[in-house]
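Examination of the molecular architecture
The chain contents come next:
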Amino acid sequence: MGPHPAVAAIRLAVRRVLHEILHDVLTDHTPAQPDTERSDTAHEQSPPPLVLVACSGGADSMALASALAFEAPKLGIRAGGITVDHGLQPGSDLRAAEVVVRLTELGLDPVESIGVSVGREGGPEAAARDARYAALDAAAERHGAAAVLLGHTRDDQAETVLLGLARGSGIRSLSGMAAVSGGPGAARRYRRPFLQLDRHTARKACMVQSLPVWEDPHNSDPAYTRSRLRHEGLPALEKALGKGVVEALARTAQLSRDDADALDAWARQAEASVRDAAGLLECAKLYALPPAVRRRILRRAAIEAGAPAGSLFARHIEEIDRLITGWRGQGAINLPGKVVAQRQGGRLVIRQG
């Protein structure tokens, strides 16, 4: 008799991602013109890759940790775990210590708890997320990990799409979380195996395996936007529109991501054609481009000039765009990071002010 369907589902999802990681590791270590004998020797001598799981102790990440512990040894992969203590609740250090014990009992090694200091920039949720990813990036570098697995589910994806829709930041915001994303110097560090699985499947997998889980009180605290969306917004949408809203939003994320990736590629190819010999952007050539492509070029230029990507919103790009499409002699546009955009002699100049 095989495992419970929920357990089988999470293990299959993790197995697929581990195969992708192995493929990436082998590709990265394969010489352009391989010498078969030397390549085989190098492969035999290289240590097995390490994959870490980021685990809060909640149902999603505990289900992920259990699946990683089960699947990794069968593929010759080392499996470890990281829990991040944000220090935002009394006793958070004790909770982190409990998670370390649970991950160790699953057979993961290395296992580490990392305490972080959460700032205030961008609000409490964004600040906690930034601190958490910084800690995970540092841990991945320190341990030489090939990848870090994250327990985001299809429900998390649906919430992310709705938050992006509320911000009105365009198709990239609607694309939600990528199944594969990068960190500093590692384009494919983070993997999200559960984006096609719902939250109930992860919880069920923990229950049938008797895995203890921790319920984060922030997840039910109405002071947090995502919590309100989870407990009030999505249920209201399902009541008004019927079941299937979560699946539809997750599907929207994937379709939006495909479109956004295609437009990003178009913008990268078009950028060289709208710059003059000195590298300045020519307004007439920018005007001739489709708005979606032009605005991507403007955003890239602003970020390259020093504007922080996280502080650069759609309204900023719209203001720069009006220097091209609605030119009436207006003055310079002030952007985050003390960057200034202005039109001079038919050229768009974006630089530190």
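Chains are numbered independently. Their residues run from 1 in the order of the written sequence. The predicted nature of this model means local features are confined to residues of pLDDT at least 70 and side-chain atom pairs, given and counted, to a pLDDT of 80 or more, with totals for whole chains, interfaces and linings taken over all residues. Excluded from the side-chain calculations are hydrogens and water; all other atoms, namely the structure's heavy atoms, are used.

1. Comments concerning the pairing of strand 3 (residues 111-115)
Pairing between two strands is assigned when DSSP locates at least 2 bridges connecting them. Here a helix means four or more residues in a row that DSSP labels H or I, a strand means two or more in a row labelled E, and each is numbered from the N terminus. Pairing between strand 2 (residues 78-85) and strand 3: five bridges, direction parallel. Bridge assignment links Gly81 to a residue of strand 3, and that residue is Val111. Crossover strand 2 to strand 3 through helix 4 (residues 92-105) is right-handed. Convention used here: a crossover is right-handed provided that the path from the first strand, over the helix, to the second strand proceeds clockwise when the strands point away from the viewer.

2. With respect to the packing of helix 6 (residues 154-167) against helix 9 (residues 225-241)
For any two helices packed against each other, one specifies the inter-axial angle together with the distance between the axes. Working convention: axes come from line fits to C-alpha atoms, limited for helices to the stretch in contact. Angles between N-to-C directions cover 0 to 180 degrees. Relative to each other, helix 6 and helix 9 sit at 95°, their axes nearing to 10 Å. When the interaxial angle is binned, helix 6 and helix 9 end up roughly perpendicular. For the pair helix 6 and helix 9, contact is made by Asp156, Glu159, Thr160, Leu162 and Leu163 and by Thr225, Arg226, Leu229, Arg230, Leu234 and Leu237, respectively. If an angle is under 35 degrees, it is roughly parallel; if it is over 145, roughly antiparallel; if it lies from 65 to 115, roughly perpendicular; otherwise it is oblique. Whether two residues touch is decided by their heavy atoms; if any such pair falls within 4.5 Å, the residues are in contact.

3. Description of the pattern of salt bridges
Take a side-chain nitrogen of Lys or Arg and a carboxyl oxygen of Asp or Glu: if they are within 4 Å of each other, that pair is a salt bridge. Here the structure, examined in full by the defined rule, presents 28 salt bridges. Here Glu159 ties to Arg230 by a salt bridge, and the two come within 2.9 Å at their closest N and O atoms. Taken together, the residues Glu159 in helix 6 and Arg230 in helix 9 connect sequence positions 71 residues apart. With its nearest N and O atoms 2.7 Å apart, the salt bridge here joins Arg347 to Asp276. One end of the pair, Arg347, is in strand 10 (residues 347-352); the other, Asp276, is in the loop between helix 10 (245-271) and strand 7 (281-282), with 71 residues separating them in the sequence. Burial here depends on accessible area, computed with a 1.4 Å probe over protein chains only, as a share of the maximum for the residue type. Under 20% is buried, over 50% is exposed, and the range in between is partly exposed. A relative accessible area of 26% means that Arg347 is categorised as partly exposed. Judged by relative accessible area, Asp276 falls into the buried class, the value being 19%. Bridged by salt links that share partners, the residues Asp156, Glu159, Arg199, Arg226 and Arg230 form one connected network.

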